[in-house]
Amino acid sequence: MCAHLDTSTLSSLPFYAADNKVTVVNNRGMECLSKLKDVDDDETRKHVAACIRYLARSGALTVHSVSRCLSSPTHASEHCLALSAAVDSNPSPVPDDNHYNMIHRGDACAILKKMVQKGQDDVQTMQHCAAAYRYLSRNDGNEARMGEEWALNMLITVLKIEGADGPDGETQRHAAGALRNLSVDENNKKTIMNPSEGGLQQLFNVCEITKDPETKRHIAATLRNLSIDDTNESTIAETAVEERTGLKIIIDLSVKEEDAETKRHAAASLRNLSFDPKHKEAIMEQCDSIQDILDLCGSTDLETQRHAAGLVRNLSFDEKNQQQMVAKGELMSLLMLSRSSDAETQQHAQCALSADALTRGAALPVGAGEERARRPDREHAHSEPYGRGHHH
């Protein structure tokens, strides 16, 4: 029934080509895996999850392993291991339409949902599921469908499972990466923000305990995507982890993390949150020093500098904030930024200087009000290193 491919067809496929993965998906390979989703055997579940993971990632399957899994449906559970392990050492891109077919025609989310629900006691199964969700979420035609098919709920569940992460933080890293990609969709944002799901709270919880810089980077990008919607601002800023607010966690990500991308995303989130008048005061109160905010303006990363200038622009439309920032040398920072080669940074600095002038009785130029960062962020497939045995 699942042996849709005959031996002659398989033998004609190149051993190193990613087309072999397309062949599996297009010739009822996902159907074989779907028939195994209700099994009670831990090893089989682990290998089913691994198959989906490796079908979705870069790298090629060997013809021999494809043949064994597809041509022997009665022993499919035994051959899942061979299929999942048969990834060629030379990376080869998996076509986006293969990812699309796995989600829209191959029932990948339904299979992964079962694996998460039944395999929560197995660290490797959770790692495979989180990685599969992450790889599949990179396709911009999948995020809405994945959200509809419980991917977000399963990812939040994975983040909540105590002890499911393993010593290297792989599960959390993949789950956070998947949430980052899926959070570009408006309906998915609502699911993550839904208090009954606890997604936002869990993102902050993981951010507080993880030592993995990549996980923090993905969480910072997710928070950036969520903060674009002004209806989310208060919830993000006021969500608490013990005695620290979400706003404080984001401030620390922007000023204390060494990773440039993490700082960039956190600065964008702060810029968006500072659009709300009550958050202007909270940002000034919760940063350890206003100098930390001003130092962001001197970042060597152009986008971080741009968001920092936008943040200062928004904060400067409060007279009390102006006084504090001027006392710390804000005007010098803004004067330097007003001469930036980047037009947007230059505009933010000039508007902030105009706001300072407004308190001294000058007129406010047209277009000089507060402004937010609107562009969402998703992970790019090439951003992840490849290596046999280290499926990050």
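Everything that follows concerns the structure shown earlier in this document.
Treat the numbers as computed from the prediction; the structure is a model and nothing was measured.

**Some words on the nonpolar core**
Stage number 1. In terms of nonpolar packing, the biggest core is built from 82 residues, with M30, I52, M102, Y133 and L136 touching the most fellow members.
Stage number 2. Top contributing element to this core by residue count: helix α9 (residues 123-137), with eight residues.
Stage number 3. Not counting residues up to four positions away in its chain, the partners in contact with M30 are V24, V25, I52, L55, M102, G106, A108 and I111.

**Thoughts on helix α11 (residues 151-160)**
Stage number 1. Counting buried positions along α11 yields eight of 10 residues, so the element is predominantly enclosed.
Stage number 2. Among all positions of α11, only A151, L152, N153, M154, L155, I156, V158 and L159 are buried.
Stage number 3. Summarising the contacts, the buried residues of α11 are in contact with α8 (108-118), α9, α10 (143-148), α12 (170-182), α13 (186-193) and α14 (199-209).

**Digging into unusual backbone geometry**
Stage number 1. Here R28, not a glycine, exhibits a phi torsion of approximately 70°, which is positive.
Stage number 2. Within the secondary structure, R28 is located in the loop between α2 (19-26) and α3 (29-34).
Stage number 3. Although it is not a glycine, W150 sits at a positive phi angle of roughly 75°.
Stage number 4. Mapping W150 onto the fold places it in the loop between α10 and α11.

**Comments concerning the packing of α8 against α11**
Stage number 1. With their axes 10 Å apart at the nearest point, α8 and α11 run at an angle of 25° to one another. Here α11 runs roughly parallel to α8, going by the angle between their axes. For the pair α8 and α11, the sense of crossing is left-handed. On α11, the residues that touch C109, K113, V116 and Q117 of α8 are A151, M154, T157 and V158.
Stage number 2. In terms of residue class, the contact of α8 with α11 is built from five nonpolar, two polar and one charged.

**As for the pattern of salt bridges**
Stage number 1. Tallied over the full model, the rule gives 28 salt bridges.
Stage number 2. Put simply, E344 and R271 hold a salt bridge, and the shortest N to O gap is 3.1 Å. In this pair, E344 is assigned in helix α24 (residues 343-358) and R271 in helix α18 (residues 260-273), connecting sequence segments 73 residues apart.
Stage number 3. You can call R271 buried: its relative accessible area is 2%.

Procedures and definitions
- Per-chain numbering applies: the sequence of each chain, read as written, is numbered from 1 onward.
- Residues qualify for local features only when their pLDDT is at least 70, as the model is predicted, and side-chain atom pairs are given and counted only at 80 or more; totals for whole chains, interfaces and linings, by contrast, use all residues.
- Computation of side-chain values covers all heavy atoms of the structure but excludes hydrogens and water.
- Here, nonpolar core means buried Ala, Val, Leu, Ile, Met, Phe, Trp, Tyr and Cys residues that are tied together by side-chain atoms lying within 4.5 Å of each other.
- Only protein chains enter the accessibility calculation, which uses a 1.4 Å probe. A residue is then buried if its area is under 20% of the maximum for its type, exposed if over 50%, and partly exposed in between.
- Segments assigned H or I by DSSP are reported as helices when at least four residues long, segments assigned E as strands when at least two residues long, and all are numbered from the N terminus.
- In this description, contact between two residues means that some pair of their heavy atoms is separated by no more than 4.5 Å.
- Where helices are involved, their axes are fitted lines through C-alpha atoms of the stretch in contact, as for all axes, and angles between N-to-C directions lie from 0 to 180°.
- If an angle is under 35 degrees, it is roughly parallel; if it is over 145, roughly antiparallel; if it lies from 65 to 115, roughly perpendicular; otherwise it is oblique.
- Each crossing gets its handedness from the near helix: less than a right angle anticlockwise from the far helix is left-handed, clockwise is right-handed.
- Classification used: nonpolar for Ala, Val, Leu, Ile, Met, Phe, Trp, Tyr, Cys and Pro, charged for Asp, Glu, Lys and Arg, polar for all others including Gly.
- Salt bridges are counted wherever a side-chain nitrogen of Lys or Arg sits within 4 Å of a carboxyl oxygen of Asp or Glu.

Note that every value here comes from positions in space, so none of it alone points to a role or purpose.
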